[in-house]
Amino acid sequence: MTDRLAIIDLTGEQVEIKDIPEEVQRMYLGGEGLNTYLLYTYLPPGVDPLSPDNVLIFGAGLISGCDVSSSRFEVTSKSAEGQGGFGTSNSGGFWSAELKYAGFQHLLIRGKAPRPTYLWIHDGEIEFRDASFLWGHDTYESIELILDDIGDRNAQVAMIGQAGENLVKFANIMHGLKRAAGRTGMGCIMGSKMLKAIAVRGTKGLRVNDPEKLLETFASHRRQITSTKIYPVISRYGTLTIFLIQNQSGMISVKNNQYNYFAEAEGRLDDEIFEEQYKTKSLACFGCPLRCSHRYRINSGPYAGVWGEGPEFYMMAGFGPAVGNADWDLILAANTLINRYGLDVGSSSGYTAWLMELWQRGIITEKDTGGLNLDWGNKEAILTLIHQMAKNEGFGGMIGQEASRAAEIIGKDSGRYLYTQRGMMHESPENTRASRATTLAAATANRGSDHLKGRCALEFFAMPPEVLAKIYGKPVASDFRSWDGKAWMATWTQHFTTVADSLGYCKFATIWPGSTHNLNYPQFCETIKAVKGWDVTPEELMETGERIWNLERMFIQRETGVLREGDIPPSVYFEPQPLEPLKGEKLDRDEYDKRLDEYYGIRGWTREGTPTPETLKRLKLDREPSHLL
Amino acid sequence: MSEGKKEYKLRCLKCLGGRITVFTGDATARCSHCGQNWRISWVTPEVAKIRGRVLEGSRHDGPSGHN
């Protein structure tokens, strides 16, 4: 009963339920893959992202709720941020497992509710509920109000805060107190449909092919994850531990990518200070031994009493060095605000950093900012900008509403310092121009500037060539500055992360963050066998990842027409790093173009970046949209 | 070799290629490749991690004043 799609029309409050054919699941799995299939099939070409005709698709991973660390759900639509291309994002937590227990794998939402609405999905039933009493409330408040309203404290809620209600282009869909489907403005799309939240609860359990085998697989995968070298670190500090690596190796954005190492962070910003001074407990997602999330509280100073969950590395770096700040208090106060409003960290900190550089250069003044002093690290100005972005007020409000046109509106020379890709704000902490595979994979990622598809973490650690060859199946250079084998490494990583996001695995339980002993394709195949009974090989899964990747590319081609010119990293990546240990490192434009050609060649794309007819036929994409579902 | 202490290897975060040798409980260690002196912390008695640069004299042992 779980393999079902609910097509939900908000305008007429109608629901149609369809069984998902096995043929479609085998082609696209679930999560990101099947969401992409539904987007390509159900969205009419050329629709405005904020139109009621746009579709918003929620999908649990194919094996979400079954295996260890399989908590992810994906949200996919035409992007609200940037050029209106491929919008997708995923989140951990408990929502995906609960959706499956409630009897659904995917939800396709279209239309626009006549009034603020939330959906209450429980044991196969879908109710449309008036959300007028929720509108205007932040995410922390909304969870409590919704759980009270439905009378079930075990329900799980995905929702928007005020940022989504106010149609901020980089609004997130939030789950719980910190989990976020961020980037590409999925919260903005949800707000445009007047949909405040989706609460889910199920008691019917899951039907799997071989329950005994699944229990064995779960235990085996759990042992594998908890025996890696990275496990004690991640389970204690979470992603905050990445900060030190990025900063010390000179790969972090400082003051809007003007510098690559932040000396002020030494002894002030690290994961252990967070643990000692702020952390109150560790938290985990569904079935995950990593428990990499944190609850925190600020105990003194101007923000005393502020509490929340998180932060992740992106928050620490985005509202740390990227905006010239080395104060944990400000990072945590900003984190709580961002999560309550439902704003994207990468974009909101990126725009803040950009505005601060414009201020530094005298391109904007108090006349433009409405009196805000945007000196680097100015805490009150940073928090004020966050309030303004979310509430659509003042100077920050303009940024939130006009993100992709902000440089045009400010004018002068402001666009020179704005680093975007496909119109999406470059993820503010990223400054990886010296690491070739990561730069290429992030730049060619389908949603634009995407470390979650782009980070090739194994290139950072000078792994022995034989280890890399065993993982990637081809020679890959150990030196992160070398291009040898990196076009393949980028391609491989994009397919791997796409498969993980379609199955519902957290990527931190896989080899993706740099632990060669974590879950990989063979373990994915074991779980698929236990859950679905399918005999799938790693090679077939890789091809599935490639198929999904190419369908996303077809969507971009159809909706924006921007291909090769959208695959170029931000302009600042072609300038030399100013500080050691990577002083002088930069991308060479001719070399990058050559490597982009190589990447397209591996993919079977033309020099313009279009999948060839032969490639589409090989991947069985020549018949899409196939309308099998 | 430090007497009675177990030896571990860490990857230097400055040169990334170099391996640093640390012994159980060490508070600092130097990379033999690039010479960087690091503060070491212990996540568990058997898992060491780099915490930051050794702060020599002034607050920073890095290129301060640049940003």
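Conventions we followed
Residues numbered from 1 in each chain as written. Chains lettered and ligands numbered in written order. Predicted model: local features only at pLDDT ≥ 70, side-chain atom pairs only at ≥ 80, totals over all residues. Helix = DSSP H or I, 4+ residues; strand = E, 2+ residues; numbered from the N terminus. Buried ≥ 20, exposed ≤ 12 C-beta atoms within 10 Å, placed from the backbone. Contact = placed C-beta atoms within 7 Å. Pairing = 2+ DSSP bridges. Axes fitted to C-alpha atoms, helices over the stretch in contact; angles between N-to-C directions. Nonpolar A, V, L, I, M, F, W, Y, C, P; charged D, E, K, R; others polar. Parallel < 35°, antiparallel > 145°, perpendicular 65-115°, else oblique. Domains from an automatic or database assignment.

Enquirer: Could you clarify how one ought to interpret the overall build of chain B in this entry?
Expert: Within chain B, the regular secondary structure consists of zero helices and five strands. Along chain B, helices (α) and strands (β) appear in the sequence β-β-β-β-β when read from the amino end. Counting the 67 residues in chain B, one finds 28% classified as buried. Taking the contacts inside chain B whose residues are at least 6 apart along the sequence as the reference set, 9% of them involve residues at least 24 apart.

Enquirer: Quick question: what am I supposed to make of the sheet that holds strand β14 (residues 293-297) of chain A here?
Expert: In a beta sheet, neighbouring strands are held together by backbone hydrogen bonds and run either parallel or antiparallel to one another. Residue and element names in this part refer to chain A. On the basis of which strands lie adjacent, the open sheet formed by three strands has the order β13-β14-β15 and antiparallel pairing. Strand pairing shows two members of the sheet lacking a second neighbour, β13 (279-283) and β15 (307-309), which therefore form its edges. Pairwise comparison of adjacent strand axes, ignoring direction, gives a mean angle of 15 degrees for this sheet.

Enquirer: What is the right way to look at the sheet that holds strand β3 (residues 28-30) of chain B in this model?
Expert: Residues and elements named next belong to chain B. What the three strands build is an open sheet, ordered β3-β4-β5; its pairing is antiparallel. The strands lining the two open edges of the sheet, one partner per strand, are β3 and β5 (47-53). In this sheet, adjacent strand axes meet at a mean angle of 45 degrees when their direction is disregarded. When β3 meets strand β4 (residues 37-44), the two strands line up antiparallel, connected through three bridges. Looking at the pairing, Arg30 lines up with Asn37 of β4.

Enquirer: What should I look at first to understand the interface of chain A and chain B in this one?
Expert: How big an interface is tends to be stated in terms of the accessible area lost upon association of its parts. Between chain A and chain B, the contact holds 24 residues from the first and 23 residues from the second. Secondary structure elements with two or more residues in the side of chain A that touches chain B: α8 (231-237) and α9 (241-248) of chain A. Looking at side-chain class alone, the side of chain A that touches chain B contains 15 nonpolar, three polar and six charged residues.

Enquirer: Just to check I follow, could you spell out the environment of Arg179(A) for this structure?
Expert: Residues and elements named next belong to chain A. Locating Arg179 in the fold gives a position in strand β11 (residues 179-181). We classify Arg179 as buried; it has 26 C-beta atoms within 10 Å. Considered as a pair, Arg179 and Asn339 are 160 residues apart in the sequence and their alpha carbons are 8.3 Å apart. Dropping the residues within four chain positions of it, Arg179 is found in contact with Ser91, Gly92, Gly93 and Met174.

Enquirer: Teacher, can you tell me more about the packing of helix α22 (residues 521-532) of chain A against helix α23 (residues 538-559) of chain A here?
Expert: What describes two packed helices is the angle between their axes and the distance between those same axes. Residues and elements named next belong to chain A. Axis separation between α22 and α23 bottoms out at 9 Å; the angle between their running directions is 95 degrees. On the basis of the axis angle, α22 is roughly perpendicular to α23. Of the residues in α23, those touching α22 at Tyr521, Pro522, Phe524 and Cys525 are Pro538, Leu541 and Met542. Classifying every residue of the contact of α22 with α23 by side-chain character gives seven nonpolar, no polar and no charged.

Enquirer: Would you mind showing me how to read unusual backbone geometry here?
Expert: One can expect most non-glycine residues to show negative phi and most peptide bonds to be in trans. Residues and elements named next belong to chain A. The peptide bond linking Glu580 to Pro581 adopts the cis configuration, its omega dihedral lying at 5 degrees. Along the chain, the position of Pro581 falls in the loop between α23 and α24 (589-603). Cis geometry marks the peptide bond from Glu624 to Pro625, where omega comes out at 5 degrees. As for its placement among the helices and strands, Pro625 is situated in the segment after α25 (613-618). One non-glycine residue, Asn392, lies in the positive phi region at around 55 degrees.

Enquirer: Explanation requested: the domain arrangement of chain A in the structure shown.
Expert: Residue and element names in this part refer to chain A. Here chain A is partitioned into domain 1 (4-201), domain 2 (241-254 + 265-425) and domain 3 (436-516 + 537-618). The C-alpha centroid of domain 2 is placed 26 Å from the C-alpha centroid of domain 1. Each partner contributes residues to the interface: domain 1 has 33 residues there, and domain 2 has 31 residues. Taken together, the elements giving at least two residues each to the side of domain 1 that touches domain 2 come down to α4 (139-150) and α5 (162-165). In terms of residues, the side of domain 1 that touches domain 2 owes the most to one element, α5, which gives three residues.

Enquirer: Would you take a moment to explain α9(A) for this structure?
Expert: Every α-helix carries 3.6 residues per turn, so stepping three or four residues along brings you back to the same face. With eight of its eight residues buried, α9(A) lies for the most part within the structure. Where the residues of α9(A) are buried, they touch α8, α10 (271-277) and α11 (313-318) of chain A together with β5 of chain B. Backbone geometry just after α9(A) places Gly250(A) at a positive phi near 75 degrees.

Enquirer: Quick question: what am I supposed to make of the environment of Phe313(A) here?
Expert: All names here are of chain A. Examined against the element boundaries, Phe313 turns out to sit in helix α11. Take Phe313: there are 23 C-beta atoms within 10 Å of it, and that puts it in the buried class. Counting along the chain gives 259 residues from Phe313 to Asn54, while the straight-line C-alpha distance between them is 32 Å. Each residue touching Phe313, except ones within four places of it in the same chain, is listed here: Thr239, Leu240, Ile242 and Phe243.

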